[in-house]
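The lines below spell out each chain.
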Amino acid sequence: MSNINTEKTALMSTLPGDDVRQIMWRFADRYEHQMVVQATRSVARGMVARLVADKQRHTHDWTPQKQEMLKAFDEAGVTAAFMEPDQGGYITGPKNLVLALVAFELAWVDAGAATASLANNLALEPIHEKGTPEQIHHYMSGCVPPKPGEKREILRGSFALTEPLPYVGVDAGMLSGKIRIAEWKEGKEPIIQVEKRGRFITNMGYATFVTAAVDTDDPRIKSSCMVILEKGDQGIYDPGAPTLKLVHQLSCTHDPIFNLKIPASRIIGGYTIKDGVIIPNYNHNEVIEAVFRRTRVTVAMMTTAKLLSAIEPVIRYQRTRYRGGEAAKPGTPRYDLGIQQKEDAQHRLLDVWATGEASASLGFEAARLFDEFDPLEKQKDAMFLKDGIKGPRAQMKVFAEPRKRALEYIEIMGKPEAQRDAKRVQDLENDFLTMYVVKESLADVFCPACKLWNTGYGATMMREAVSLMGGYGITEDCPGFLTQKWSDAQLEATYEGPECVQRRQMSLTMVSDVFLAQFKNWIKDLRALDAKKPGMGAGTLASAMELWLWSIEYLQNAKDANGKTLYAGQRQGVTFPMADALAWLLGSRQLILDTLELERKGPENSVLAEGLTGFVNFYSDLSYLQAARAAGEVGKVCAELVYGYQAKGATCALPNAAIKTFAELRSKLDGSLAGARLAKDRAAEAVTQVMIPEALDYPL
Amino acid sequence: MTTAFNIVVCGSLVPDPLQTLEPIQGPTGPALKNEMMLPSVLDPWAGHALFEAANLAKHHPGTKVYLVSLGPKAKLQQLMMTIAQKVPFEFVCLDGPASGFLDSREVAKALASAIEKIPGLDKTKLLVFGGYSSASRDAGTTMQMIAEQLGISDVFLGADELKVQPDGSFRIMERIEGGQYQISSCAGAPIVIGWATGNLPEPPNNPQVGMANMRTIMPALQKAQPAALKTDGIQYASVQLPQQQRQTKIVKDTPVEEIAKEIVAWIRS
Ligand SMILES: Cc1cc2nc3c(=O)[nH]c(=O)nc-3n(C[C@H](O)[C@H](O)[C@H](O)COP(=O)(O)OP(=O)(O)OC[C@H]3O[C@@H](n4cnc5c(N)ncnc54)[C@H](O)[C@@H]3O)c2cc1C
């Protein structure tokens, strides 16, 4: 009998190293990024790992040892990676990718350490995105570690949105934190009284400034806003008690209390005065929207890093499981492969691995998208400020034409390159508002998608990784700290907006015509790719995307058995699962794209020459099996939603044509799975052969 | 009196010691399994030499530090992402193998001629540093041969300390048998030192230092010439792992005395 997998293919020789990662995640020519990665890694696998090994996670208190970690971040350039050179940093331009890499490297060992580092950027973000030039300069440069000989205390910040129950959680609209005018002398800057209590505020044990969301409690202040509080302001600045959290103990979380007088110049983004009323330039929602759309990507990367960090310890555990026993003599499969002799152990590890890879591909793409989007947004903000365009309606009006041009652009880009009108493409690309619309439509889907899927589904798969280590997995001695990483993942899925927030955002953004037009182009591209390279699962993914697309269009137009609209804001039972399904698709597609990039750019790196085919084969197989997993999810979700709202026994309530189309698409999807399991078998063989280091490069 | 030196550090990469290093017979002679694919680190002894050089430069304004490396240039580029962040230096790159199976005489020739070609190098101020040994070839022969080629007769091996005396002369501590030091005085440059571990900690990574170094590193990598190395000088009859092997094991919080006792027992066994 012939066996389709017996044909000899090159296997992956070693675990993917920096050369492979730099190509896949597109920073092979960004040396500053590569250096930040190395610098961060040395802190993570050195000091941070020792803190975990030394049981510093066992206390809620902020110990001197934990404080040392901040110094290590400062010395290694991690703290200043966020700043511009004129503020004392060393990287020019947008920092989304580099911060995603920092989060990834730190969370590889401990996500709490990543949170401690990134929470400072979170505190700065409101100022960075919407602050006045003076605010930006003062706080950004204040957070840069002093140079040798420079006499200055470094500033460290907290971001305070969340409040004691019942307010501010998922529904960030309702604030109990308030501002009133305390004093307003003629011709002088108004003085504002701020009352705010925070809950679960990171860095608060040592923060010297806080960016806080507050609502107006005074007719002389027009709207909510964000303000900057400083330790030393007149009144109460009480960091409060440490939060008794069970995760991320290398970050410092407190429930603070503030009752302070501050000058109105601390309103983030400034204000104007009209008829004796202070009008903040940005309300708190505008600020936090700009903040979270970026910072959520770094959170997503934390769970991702942990999944990928689990691969090496799991392989080592599996292979060495029986060594030392009577039956496992060196040279026997039992000795060399241990548990890896068993197919299920290989396959489950591959599921963890594929999830980690797809979520990395998705998250880093989101980070790169924001690197492209940032300058466009700055340009747009500047234009709106100059032309006095304020409020959603006025803004919509400005975008009416660019939106049409964006759709035209996407249509042209959907054609083969030879058939495109190059001049028109150039003109459209030079029009920043058009590009803004295109990129925003992607950023608004990719950011919540990676936050949702990487952390939520990632947490589930982190449990799977733990289970692969048996009892060892749930001990403190488990190499790679897998149980800590698993429980930490629950926080990553929660803070900066739990999963429902991401689903809610996606349910609005994923039905935008600009996004869906691009989505349709991707299906075409995947079909073309599948014709050329059938071994990557591109056909499976394209079929799953077609099914999703058909379903979302159907759900938006159809009604349930009671005549109620299916796809609607309140109907989370419909919108939310479709968001999850889309996240699966996006991750799977990005993994395919990153594998193609590796295949294309790999030959330029002579180090990789020897092993490239093995890597490309492995990643193609992984892409295939991930496409199949995504297809399974999408098929399940769509079938349940399309059929599930019909009255029992009356699927015929669906128009016949609709049932037929759905059934055809579903059956095409099922048929497209041919080959997926063979790919999994091939990848499994690679997993049993791949060379791993002798020991983990960080302590236990 | 402070003197400005020209310090040339010779050092290249070795496979990360945590990796499995398995000798195999490659197409061009003995090699390590998947050697190109394995991550590498700066040879630890050469690393000490580099940190000593940087420290000396800090205390002797005007001193220039060069790092001369013979290795596969794409791998050296990767290595620079870490090493360039540690201390400031100018980079000189020779593209070629960094394998432990190369003839050290050939390596020394290539390095010496690269040193000769450094523009503006002042030989009267020249300190050539390197490791007295290497993690990939523990022969301890390269530095002497470089000295020979450059015509430098003051050579110190296994050094842990170099002090510049007020009169500009050097006081050097070399390791000798039995945990003892031999202390020598030397009138001044030029000298060659093969460093042992020195006394300095590894500097932390600092991307800002790295970015400054990259200004010379990238051009150096781009114009790196393939090093002409003859490989016919040495024939390897066979290559194998040592018979006596110690398995790596990881035990937490073991006192140093315990570790020492275990090693002694292992040697005796
Ligand atoms: C360790 C830690 C550190 C933190 N750091 C900070 C910080 O530095 N700054 C800061 O401001 N905050 C911080 N937070 C707060 C964090 O962002 C919030 O906990 C999080 O946003 C969720 O809010 P909540 O806990 O009030 O959950 P809730 O709002 O009560 O939500 C709980 C659950 O209810 C459901 N739910 C709620 N609303 C909806 C809805 N509209 N639709 C559907 N389902 C819904 C969902 O299942 C949701 O998961 C931190 C939290 C922790 C635990």
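Residues numbered from 1 in each chain as written. Chains lettered and ligands numbered in written order. Predicted model: local features only at pLDDT ≥ 70, side-chain atom pairs only at ≥ 80, totals over all residues. Heavy atoms only, no water.

**Points about the overall build of chain A**
To keep it simple, the criterion reads: Helix and strand definitions follow DSSP, with helices as H or I runs of at least four residues and strands as E runs of at least two, each counted in order from the N terminus. In this description the radius of gyration comes from C-alpha coordinates, and the expected globular size is given by 2.2 Å times residues to the power 0.38. Burial classes follow relative accessibility: with a 1.4 Å probe on protein chains only, a residue under 20% of its type's maximum area counts as buried, one over 50% as exposed, and anything between as partly exposed. Whether two residues touch is decided by their heavy atoms; if any such pair falls within 4.5 Å, the residues are in contact. We get accessible surface area from the Shrake-Rupley algorithm with a probe of 1.4 Å; when it comes to residues, only the shown protein chains can shield them. Asp and Glu count as negative and Lys and Arg as positive, but His and the ends of the chain are not part of the count. Here the site of a charge means NZ on Lys, CZ on Arg, CG on Asp, or CD on Glu.
Helix and strand counts for chain A come out as 21 helices and 10 strands. Taken over the C-alpha trace, chain A has a radius of gyration of 26 Å; the compact-globule value for 700 residues is 27 Å, and the two agree within 12%. C-alpha extents for chain A along the principal axes are approximately 95 × 65 × 55 Å. Counting over 700 residues, chain A shows a buried share of 60%. Within chain A, contacts between residues at least 6 apart in sequence are counted, and of these 75% link residues at least 24 apart. Total accessible area on chain A stands at roughly 27700 Å², and carbon and sulfur atoms take up 53% of it. Averaged over its 83 positive side-chain charges, chain A has a centre that lies 3 Å from the centre of its 87 negative ones.

**As for the nonpolar core**
The following threshold applies: As used here, the term nonpolar core means buried Ala, Val, Leu, Ile, Met, Phe, Trp, Tyr and Cys residues forming a set that is joined through side-chain atoms within 4.5 Å.
Core analysis: the biggest nonpolar cluster contains 211 residues, and W353, M510, F519, W548, L582 and F618 of chain A have the highest contact counts within it. No other element matches the 19 residues that helix α12 (residues 432-467) of chain A contributes to this core. In terms of nonpolar packing, the next biggest core, distinct from the first, is built from 43 residues, F5, L50, W195 and I217 of chain B among them.

**Thoughts on the interface of chain A and chain B**
Which entries qualify depends on this criterion: Summed over both partners, the accessible area lost on bringing two parts together, with a 1.4 Å probe, is the buried area. One speaks of a salt bridge when a side-chain nitrogen belonging to Lys or Arg is within 4 Å of a carboxyl oxygen belonging to Asp or Glu. Two N or O atoms count as a polar contact when they lie within 3.5 Å, although within protein this holds only if one can serve as hydrogen donor and the other as acceptor, and sequence-adjacent residues are included solely when both atoms are side-chain atoms. Here the term charged refers only to Asp, Glu, Lys and Arg, the term nonpolar to Ala, Val, Leu, Ile, Met, Phe, Trp, Tyr, Cys and Pro, and the term polar to all other amino acids, Gly among them.
Listed by partner, the interface residues are 37 residues for chain A and 29 residues for chain B. A buried area of about 2900 Å², summed over both sides, lies between chain A and chain B, and 62% of it is on carbon and sulfur atoms. Of all residues in chain A, M35, V607 and M691 of chain A give up the largest surface area on contact with chain B, accounting jointly for 24% of the area buried on that side. At the boundary of chain A and chain B, one finds zero salt bridges. The interface formed by chain A and chain B contains eight residue pairs in polar contact (both at pLDDT 80 or more). Listing elements by their share of the side of chain A that touches chain B, those giving two or more residues are α1 (18-24) and α2 (31-53) of chain A. The element contributing the most residues to the side of chain A that touches chain B is α2 of chain A, with nine residues. A breakdown of the residues in the side of chain A that touches chain B according to their chemical character gives 16 nonpolar, 12 polar and nine charged.

**A word on helix α17 (residues 538-557) of chain A**
Selection criterion: Each helix should span, by expectation, one fewer than its residue count multiplied by 1.5 Å.
Relative to the 28 Å expected for 20 residues at 1.5 Å per residue, α17 of chain A spans 29 Å between its end C-alpha atoms, a close match to the ideal helical length. For α17 of chain A, the buried fraction is high: 17 of the 20 residues fall into the buried class.

**Side note on the side chain of E106 of chain B**
Counting through the fold element by element, E106 of chain B comes out in helix α3 (residues 104-116). Ignoring sequence-local partners within four residues, the contact set of E106 of chain B consists of A228, L229 and K230 of chain B.

**Quick look at the domain arrangement of chain A**
Frequently, the measure chosen for interface size is the accessible area removed from exposure when the parts meet. All names here are of chain A. For the record, the criterion: For the domains described, the bounds stem from an automatic or database domain assignment.
You can read the domains of chain A as domain 1 (1-14 + 516-690), domain 2 (18-142), domain 3 (157-284) and domain 4 (285-509). Once you take the C-alpha centre of each, domain 1 and domain 2 turn out to be 34 Å apart. If you look at the interface, domain 1 gives 13 residues, while domain 2 gives seven residues. Here domain 1 packs against domain 2, burying approximately 830 Å² in sum over the two surfaces, 67% of which is carbon and sulfur. Taken together, the connections running from domain 1 to domain 2 amount to two salt bridges. For D594, the salt bridge identified is with R26, shortest N-O distance 2.6 Å. Seen at the junction of domain 1 and domain 2, the total is three residue pairs in polar contact (both at pLDDT 80 or more). Elements represented by at least two residues in the side of domain 1 that touches domain 2 include exactly α18 (572-601) and α19 (612-644).

**Some details on the sheet that holds strand β10 (residues 170-176) of chain B**
Residues and elements named next belong to chain B. Here is the rule we go by: Between any two strands, pairing holds if DSSP finds at least two bridges. Each axis is a line fitted through C-alpha atoms, taken for helices only over the stretch in contact, and angles between the N-to-C directions span 0 to 180 degrees.
Pairing within the open sheet is mixed, and its nine strands lie in the order β11-β10-β9-β12-β8-β1-β6-β7-β13. Either end of the sheet is taken by a strand with one partner, and the two such strands are β11 (180-186) and β13 (225-226). Here two bridges tie strand β7 (residues 90-95) to β13, and the two strands are oriented parallel to one another. Looking at the pairing, L94 lines up with Q225 of β13. Sheet strands in contact with α3 are β1 (6-10), β6 (64-71), β7 and β8 (126-131), and its direction is about 145 degrees off that of β6.

**Concerning the packing of aromatic side chains**
Residue and element names in this part refer to chain A. The line we're drawing: Planes of paired rings set the category: under 30 degrees apart is stacked, over 60 is edge-to-face and the rest tilted, where pairs are Phe, Tyr or Trp rings (Trp by its six-membered ring) whose centres lie within 6.5 Å. A ring has a charge above it when a Lys NZ or an Arg CZ is no more than 6 Å from the ring centre and no more than 35 degrees off the ring normal.
Under the criterion given, the structure shown has 31 aromatic pairs over all chains. Ring geometry for F519 versus W522: centroids 6.1 Å apart, planes at 55 degrees, classification tilted. You can see F519 and its partner W522 sitting in helix α16 (residues 513-532), three residues apart, about one turn around the helix. Neither residue differs from the other here; F519 and W522 are each classed as buried. Clustering of aromatic rings is evident, with ring pairs tying together F370, F373, F384, F399 and Y436. Seen from the ring of Y322, R334 lies directly overhead, with NZ or CZ sitting 3.9 Å from the centre. R589 extends its terminal NZ or CZ atom over the ring of W522, reaching a point 3.8 Å from the ring centre.

**With respect to the site of the ligand**
All names here are of chain A. Keep this limit in mind: When at least one non-hydrogen atom of a residue lies within 4 Å of a molecule or strand, that residue is treated as near it.
Looking at the ligand, there are 22 residues lining it, with F159, L161, T162, F200 and T202 nearest. Between the ligand and the protein, one listed contact pairs an oxygen atom with a backbone N or O atom of L161 at 2.8 Å. At a separation of 3.2 Å, a nitrogen atom of the ligand approaches a polar side-chain atom of R504. Protein coverage of the free-state accessible area of the ligand, which is 990 Å², stands at 70%. Secondary structure elements with two or more residues in the shell around the ligand: β1 (157-160), β4 (201-202) and α15 (499-509).

**Describing the pattern of salt bridges**
Residues and elements named next belong to chain A. For the coordinates displayed, the defined rule picks out 66 salt bridges over all chains. Notably, a salt bridge pairs R30 with E32, separated by 3.4 Å at the nearest N-O pair. For R30, a relative accessible area of 26% gives the class partly exposed. Within the structure, one salt-bridge network assembled from shared partners comprises E129, R293, R294, D374, E377, K378, E440 and D444.

**So, empty space enclosed by the protein**
Defined as follows: Within this scheme a cavity is a closed region of a 1 Å grid, computed over the protein atoms alone, that accommodates a 1.4 Å probe without allowing it to escape, whereas a pocket is open but has protein on both sides within 12 Å along at least five of seven lines; lining residues each have an atom within 4 Å of a point. Grid points are joined across faces, edges and corners, and a volume is the space filled by probe spheres set on the points.
One pass over the structure, following the stated rule, counts two cavities of 30 Å³ or more. When its volume is computed, the largest cavity comes out at roughly 380 Å³. If you go around the largest cavity, you meet 28 residues; those closest to its centre are D43, V107, S134, R137 and T142 of chain B. Those elements giving two or more residues to the lining of the largest cavity turn out to be β2 (13-15), β6, α3 and α4 (142-150) of chain B. Among the elements that make up the lining of the largest cavity, the one with the highest residue count is β6 of chain B (three residues). The residue inventory of the lining of the largest cavity, partitioned by class, reads 14 nonpolar, 12 polar and two charged. Only α3 (64-75) and α5 (111-130) of chain A provide two or more residues apiece to the lining of the second largest cavity. Top contributing element to the lining of the second largest cavity by residue count: α5 of chain A, with four residues. Residues of the lining of the second largest cavity, tallied by class, amount to five nonpolar, five polar and two charged.

**Some words on the pairing of β11 of chain B**
All names here are of chain B. Inspection of the sheet shows β10 paired to β11 by seven bridges, in the antiparallel sense. By the bridge assignment for β11, E174 is matched with Q182. Where β10 folds back on β11, the antiparallel hairpin that results is connected by three residues, among which G178 adopts a positive phi of roughly 70 degrees.

**A look at the confidence of the model for chain B**
Low pLDDT means the predicted coordinates in that region are not meant to be read closely. Residue and element names in this part refer to chain B. Stated formally: What pLDDT reports is the predictor's confidence in each residue, on a scale of 0 through 100.
Scored by pLDDT, chain B comes out at a mean of 91, with 98% of its residues at no less than 70. The weakest mean pLDDT in chain B belongs to strand β3 (residues 23-26) at 85; the strongest belongs to β1 at 98. Scoring the predicted complex yields pTM 0.95 and, for the interface, ipTM 0.89.

**Comments concerning the packing of α2 of chain A against helix α5 (residues 207-222) of chain B**
Heads up, the rule is: Any angle between 65 and 115 degrees counts as roughly perpendicular, while under 35 counts as roughly parallel, over 145 as roughly antiparallel, and the rest as oblique. Left-handed describes a crossing in which the near helix is turned anticlockwise from the far one by less than a right angle; the clockwise case is right-handed.
Between α2 of chain A and α5 of chain B, the shortest axis-to-axis distance is 10 Å and the interhelical angle comes to 135 degrees. Classed by the angle they form, the pair α2 of chain A and α5 of chain B counts as oblique. Pair α2 of chain A / α5 of chain B crosses with right-handed handedness. Residues Y31, E32, M35, V36 and A39 of chain A of α2 of chain A form the contact with α5 of chain B, whose participating residues are P207, G210, M211, M214 and M218 of chain B.

**Thoughts on the packing of α17 of chain A against α18 of chain A**
Residue and element names in this part refer to chain A. Where α17 contacts α18, the axes come no closer than 11 Å and their chain directions differ by 155 degrees. Here α18 runs roughly antiparallel to α17, going by the angle between their axes. Of the two possible hands of crossing, α17 and α18 adopt the one that is left-handed. On α18, the residues touching A538, L541, A544, M545, W548, S551, I552 and L555 of α17 are V574, M578, A581, L582, L585, S588, R589 and I592. Residue classes in the contact of α17 with α18 are distributed as 13 nonpolar, two polar and one charged.

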